[in-house]
Amino acid sequence: GVPWCVLLPVKRLASAKSRLNLDLPGFTGQGRAELALALARDTCAAALAAPRAAHVLAITDDAVATASLSEAGAVVIADLPEAGINAALLHGFNEAQRRWPGIGVAAMSCDLAAATPEAIDQVLAETEGLDIGVAGFVADAQGTGTTMYLAPHSAPFAPSFGPHSRALHAAGGAIELGRGAGLASLRRDIDTAVDLWDAQRLGVGQYTRAVLDALAHP
């Protein structure tokens, strides 16, 4: 298949996951930051292991996340625009095209801790079947948001992450993908305790599991 670059936008860990409140003895502000990093590490690991994903490019201004994701094998750049997720993604897209001209680019939420390399690869393969110049997206489990936005080579890259992003992406001409069996893990982003419980049911990655174990037994 065509090689892809997966973009991973990572917020400063101190302000990440503000809606995630867990009833665990070790869950403090520091615990929340550690969990946010673990979610990103697991998402990054799954993307790096997907055969069609040649590169993972993380966009972040967090020093701890930069060190951790670099060590994991991602290329990490600073969020120079500092104007929210979509500006960060466009910055990442431009950098990906500079480094690897003509590569397909897939933006991915950094809290898909249950995502598997196989599921990511499957949706990248689906995207390659789209008409020339057409982007794709994966809706979140709730059906209003977006967890992935994919622009194959020659498609415009116009992400609209945020509230009502599923409708915005569809209105922009992107085609919804990832509805097949086995792709639930790609739709399960983690913002709340219930989301996390659902992700654990699907099976979260090793970093998230380790942090949750540590929070439960401080």
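The structure contained in this document is the topic of the report that follows. (Residues numbered from 1 in each chain as written. Predicted model: local features only at pLDDT ≥ 70, side-chain atom pairs only at ≥ 80, totals over all residues. Heavy atoms only, no water.)

1. Quick notes on the pattern of salt bridges
What counts here: Here a salt bridge means any side-chain nitrogen of Lys or Arg lying within 4 Å of a carboxyl oxygen belonging to Asp or Glu. By the criteria applied, helices consist of DSSP H or I runs no shorter than four residues and strands consist of E runs no shorter than two, each listed in order from the N terminus. Using a 1.4 Å probe on the protein chains alone, a residue whose accessible area is under 20% of its type maximum counts as buried, one over 50% counts as exposed, and one in between counts as partly exposed.
Considering all chains together, one arrives at 15 salt bridges under this definition. Between R98 and E95 there is a salt bridge whose closest N-O contact spans 2.7 Å. Of this pair, R98 and E95 both sit in helix α3 (residues 85-99), three residues apart, which is roughly one turn of that helix. For E95, a relative accessible area of 12% translates into the label buried.

2. Section: the nonpolar core
Where we set the bar: Residues belong to one nonpolar core when they are buried, are Ala, Val, Leu, Ile, Met, Phe, Trp, Tyr or Cys, and are joined through side-chain atoms within 4.5 Å. By definition, residues are in contact when any of their heavy atoms lie within 4.5 Å.
The biggest cluster of nonpolar side chains holds 38 residues, and the ones touching the most others in it are M108, I120, M148, L150 and L186. Secondary structure elements with two or more residues in this core: β1 (4-10), α1 (29-49), β2 (53-60), α2 (63-72), β4 (104-108), α4 (117-127) and β6 (146-151). With seven residues, α1 is the largest single contributor of residues to this core. Setting aside anything within four residues of it in sequence, one finds M148 in contact with A106, A107, M108, V123, G136, F137, V138, F161 and L186. Among the nonpolar cores identified, the runner-up in size contains 22 residues, and L7, F93, A96 and F137 belong to it.

3. Structural notes on unusual backbone geometry
The phi angle at E82 is positive, at roughly 45°, despite the residue not being glycine. The topology assignment puts E82 in the loop between β3 (75-77) and α3. Taking the relative accessible area as the measure of exposure, E82 reaches 52% and is therefore exposed. Phi at H164 takes a positive value of approximately 60°, unusual for a residue other than glycine. Its place among the elements puts H164 in the loop between β6 and α5 (165-171).

4. Observations regarding the layout of surface pockets
Definition in use: Put plainly, a pocket is an open set of points on a 1 Å grid over the protein atoms alone with protein on both sides within 12 Å along at least five of seven lines, a cavity is a set where a 1.4 Å probe fits but cannot get out, and a lining residue has an atom within 4 Å of a point. Grid points are joined across faces, edges and corners, and a volume is the space filled by probe spheres set on the points. Note on residue classes: Ala, Val, Leu, Ile, Met, Phe, Trp, Tyr, Cys and Pro are nonpolar, Asp, Glu, Lys and Arg are charged, and everything else, Gly too, is polar.
As a volume, the largest pocket reaches approximately 1,100 Å³. Surrounding the largest pocket, 38 residues form its lining, K11, K17, I85, D111 and D191 being those nearest its centre. Listed by contribution, the elements that provide at least two residues to the lining of the largest pocket are β1, β2 and α3. Split by residue class, the lining of the largest pocket holds twelve nonpolar, 13 polar and 13 charged.

5. Description of the packing of α1 against α2
Where we set the bar: Lines fitted to the C-alpha atoms define the axes, with helices restricted to the stretch that makes contact. Angles between their N-to-C directions range from 0 to 180 degrees. An angle below 35 degrees is treated as roughly parallel, one above 145 as roughly antiparallel, one from 65 to 115 as roughly perpendicular, and anything else as oblique. Less than a right angle of anticlockwise turn of the near helix away from the far helix marks a crossing as left-handed, whereas a clockwise turn marks it as right-handed.
Contact geometry of α1 with α2 gives a least axis separation of 10 Å together with a crossing angle of 25°. Between α1 and α2, the angle falls in the class roughly parallel. Here α1 runs over α2; the crossing is right-handed. For the pair α1 and α2, contact is made by L37, A40, R41, C44 and L48 and by V64, A65, S68, L69, E71 and A72, respectively. Split into classes, the residues belonging to the contact of α1 with α2 amount to eight nonpolar, one polar and two charged.

6. Quick look at the sheet that holds β2
Heads up, the condition is: Any two strands with at least two DSSP-identified bridges between them are counted as paired.
Overall, mixed pairing links the seven strands, which are arranged β3-β2-β1-β4-β6-β5-β7 in an open sheet. Here the strands that pair on one side only, and so sit at the sheet edges, are β3 and β7 (175-177). Put simply, the sheet's adjacent strands are angled 25° from each other on average, direction ignored. In the sheet, β2 pairs with β3 via three bridges, with the strands oriented parallel. When the sheet's bridge partners are listed, A58 is paired in β3 with V76.

7. Digging into α3
Note the following rule: An expected span of 1.5 Å times one less than the residue number is assigned to each helix.
Under the 1.5 Å per step criterion, the end-to-end length of α3 is 21 Å for 15 residues, consistent within 8% with the ideal 21 Å. Listed as buried for α3 are A88, L89, H91, G92, F93, E95 and A96. The elements touched by buried residues of α3 are β1, β2, β3 and β4.

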